[in-house]
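What the coordinates show
As a plain string of letters, each chain reads:
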Amino acid sequence: MGIMSSLYAGISGLSTHGNAMGVIGDNIANVNTIGFKSSRTTFEDVLSQSISTASGSSQIGRGATMSDVDTLFQQGSFESTSNATDLAISDNGFFIVSPQGSETQYYTRSGQFRFDSDGYFVNPAGYVAMGWALDEDGNDEGTLAEIQLSTFTSPPEATEEVTAITNLNANDTSRSTSLFGAWDATAADTIGDNAYGYQTAVRVYDSLGNSHDITVFYDKMDPANSEYYDGVIDAHNTWEYIVTCDPDADQRAGFIGQVQQGVLMRGTLTYNSSTGALSSLTAFTCDPNTPDPSDDANWEAATDWSTNGYPEFTANFVSGVDQVMSVQFGARSTGAAWTGGVANIGDIDPADPLAGNIPTSSWEPQALTSTQYASSSTTIYQTQDGYGTGFLENVSVDTDGVMVGHYSNGQILYLYRVGLAKFNNNQALSKMGGNLWASTRASGDAITGHPGENGLGRISPNSLEQSNVDIASEFVKMISTQRGFQANSRIITTVDTMLQELINLVR
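Right, let's talk about the packing of aromatic side chains for a bit. As enumerated under the stated definition, the model contains 15 aromatic pairs in all. Between the aromatic rings of Tyr 196 and Phe 217, the centroid separation amounts to 4.9 Å while the plane-to-plane angle is 65 degrees, which identifies the pairing as edge-to-face. Of the two residues, Tyr 196 sits in the loop between helix H2 (179-182) and strand S15 (198-205) while Phe 217 sits in strand S16 (residues 211-220), which places them 21 residues apart along the sequence. In terms of burial, Tyr 196 and Phe 217 fall into one category: buried. Plain terms: the ring middles of Phe 255 and Trp 299 are 6.2 Å apart, the flat faces sit at 90 degrees to each other, and that makes the pair edge-to-face. With Phe 255 in the loop between strand S17 (238-244) and strand S18 (263-271) and Trp 299 in strand S20 (residues 299-301), this pair connects stretches of sequence that are 44 residues apart. Judged by relative accessible area, which is 0%, Phe 255 ranks as buried. What makes Trp 299 buried here is its relative accessible area of 0%. Ring pairing ties together the aromatic residues Phe 73, Phe 94, Tyr 107, Phe 423 and Trp 437, which thus form one cluster. Above the face of the Phe 255 ring, Arg 252 is positioned so that its terminal group lies 3.6 Å from the ring centre.

The six strands are arranged S15-S16-S17-S18-S19-S20 in an open sheet whose pairing can be described as antiparallel. Each of the sheet's edge strands pairs with one partner strand only, and the pair in question is S15 and S20. Sheet twist, expressed as the mean angle between neighbouring strand axes with direction ignored, is 25 degrees. Alignment of S15 against S16, held across eight bridges, turns out to be antiparallel. Of the residues in S16, the one forming a bridge with Val 204 is His 212.

As a further point, take the environment of Gly 484. Mapped onto the secondary structure, Gly 484 falls in helix H3 (residues 471-504). On the basis of relative accessibility, which here comes to 14%, the residue Gly 484 falls in the buried class. Separated by 466 residues in the primary sequence, Gly 484 and Gly 18 have C-alpha atoms spaced 9.5 Å apart.

On the secondary structure map, Asp 70 appears in strand S4 (residues 64-71). Among all residues touching Asp 70, those that are not within four sequence positions of it are Ser 38, Ser 39, Arg 40, Thr 42 and Gln 427.

Here the focus is the nonpolar core. Of all hydrophobic cores here, the largest spans 30 residues; its most connected members are Tyr 218, Tyr 241, Val 243, Leu 269, Leu 278, Phe 317 and Phe 329. When residues of this core are traced back to their parent elements, those giving at least two are strand S14 (161-167), S15, S16, S17, S18, strand S19 (278-286), strand S21 (312-318) and strand S22 (321-328). It is S18 that contributes the most residues to this core, four residues altogether. Setting aside its immediate chain neighbours within four residues, Leu 269 contacts Tyr 218, Asn 237, Thr 238, Trp 239, Tyr 241, Leu 278, Ser 280, Leu 281 and Phe 329. Phe 95, Ala 129, Leu 420 and Ala 438 belong to the second-largest nonpolar core, a separate cluster that totals 22 residues.

Turning to H3, a few remarks are in order. Over its 34 residues, H3 runs 49 Å from end to end, which matches the ideal 50 Å to within 8%, given 1.5 Å per residue. Every buried residue of H3 is accounted for by Glu 474, Thr 481, Gly 484, Asn 488, Val 495 and Leu 499.

The rules behind these values
- For every chain, the first residue of the written sequence is number 1, and numbering continues from 1 along that sequence.
- Local features are withheld for residues below a pLDDT of 70 in this predicted model, meaning they are given only at 70 or higher, and side-chain atom pairs are given and counted only at 80 or more; totals for whole chains, interfaces and linings count all residues.
- For side-chain calculations, the full set of non-hydrogen atoms in the structure is used, while hydrogens and water are omitted.
- Stacked, tilted and edge-to-face pairs are distinguished by plane angle, under 30 degrees for stacked and over 60 for edge-to-face with tilted covering the rest, among Phe, Tyr and Trp rings (Trp via its six-membered ring) whose centres lie within 6.5 Å.
- In this description a helix means any DSSP run of H or I spanning at least four residues, a strand means any run of E spanning at least two, and both kinds are numbered starting from the N terminus.
- Residue exposure (1.4 Å probe, protein chains only): buried if accessible area is under 20% of the type maximum, exposed if over 50%, otherwise partly exposed.
- A ring is scored as having a charge over it whenever the NZ atom of a lysine or the CZ atom of an arginine sits within 6 Å of its centre and within 35 degrees of its normal.
- For two strands to be treated as a pair, DSSP must find at least two bridges joining them.
- Note on geometry: axes are lines fitted to C-alpha atoms, helical ones only across the stretch in contact, with angles between N-to-C directions running from 0 to 180 degrees.
- Contacts are assigned to residue pairs that have any heavy atoms within 4.5 Å of one another.
- To qualify as a nonpolar core, a set must consist of buried Ala, Val, Leu, Ile, Met, Phe, Trp, Tyr and Cys residues joined through side-chain atoms within 4.5 Å.
- To estimate the expected span of a helix, count its residues, drop one, and scale the result by 1.5 Å.

Here you go:
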């Protein structure tokens, strides 16, 4: 009975070491598998058999069995790639993927994702990564869902703010009696080159995404020969300006066919004679439906202002759609409105100096402001906040999992936030093949969250996590396992010899 038991002990050793070699082989086979986590085996002895000895009761072991196969979740090294949608998790967590249209969720460390023809963010097997849709401010919308780009275009946004910061040459001279009067929309050349001292143009957009050029013309005033602004304070340091657009694009009912078609705003900029800084400004606009824009009385001091304190004018590039825009020259009103000065240009009296639209108590120069220095007139800074239709050019993912789209119109829009999951018991996850794990009762439910929060790792874009298999260590284990298998096989052959001797006793 004892000899036969020895056979079974040897067989258990062969079986255990054979299974251990299978684990080692699987590790070595996946040495280059993205996101693979190696496994290790642990052995334990089998319940011992009690026997009687001269000293009493003793125990003889019955062999070995495999105690457990553990998955080693240590992080693998990162490989840099040129694909922005290749993602790796630094530290704890799993990507969440699901077959399209299924409620089943799997978990993986392999972040080899791309967009398919339907806009789904998928792995090579076609499983869709899960995440949260983001609003325009980057906040989550709704619950965890499949990441899918439903549109590859960025809608246009009409311009609301225009900024034109310039330096106007202090040594320049007046070119025209009235800059506004020099504009003629009915002529082949709306304004002659000799009628103004400087111009700057900003491209703006209407509600349909069409682009239009807004041009601001400047001309230094001549106190002795000024038709409209004779009463302006310090006319020696004051410039007349007009804000214009292409007359053919101006659809304001009262301006169509008029000489003034295309003039959106007019006024003056006054500079400090000592510092050259902008010290006062006026802004006049005309009702878009006025029957006579040539009448100065219809050009009223701007009473409309933006929330930031800049004067506003109304354009009409799309028929029937009024587009209100503010213009910034480098100063704003901190008060409730643009007030002061006369009601309209027609009320200007040379005997009464014309104050700026912004009261002194509300005047606030900006960090970047228009100036009048003794150097060539130039545009220091110009911008606007509108844009046309854009097409998705590429997608990038930040370390916090936020996915943004880069569009041809220069916009960078929030799209999704990649979701991650963790478990209280990673060892209890069930391997499903294809670099996937599934949750079990023993693992507990997935705890989902944002990358970098609540113990979840951060995302490394343009990276893939390599297998954490240490091939040198696996070779050492393979040698020791092979020797263990060999030794157990010798037990069987030795016991066989012993049995043969026992059988020979009856001959």
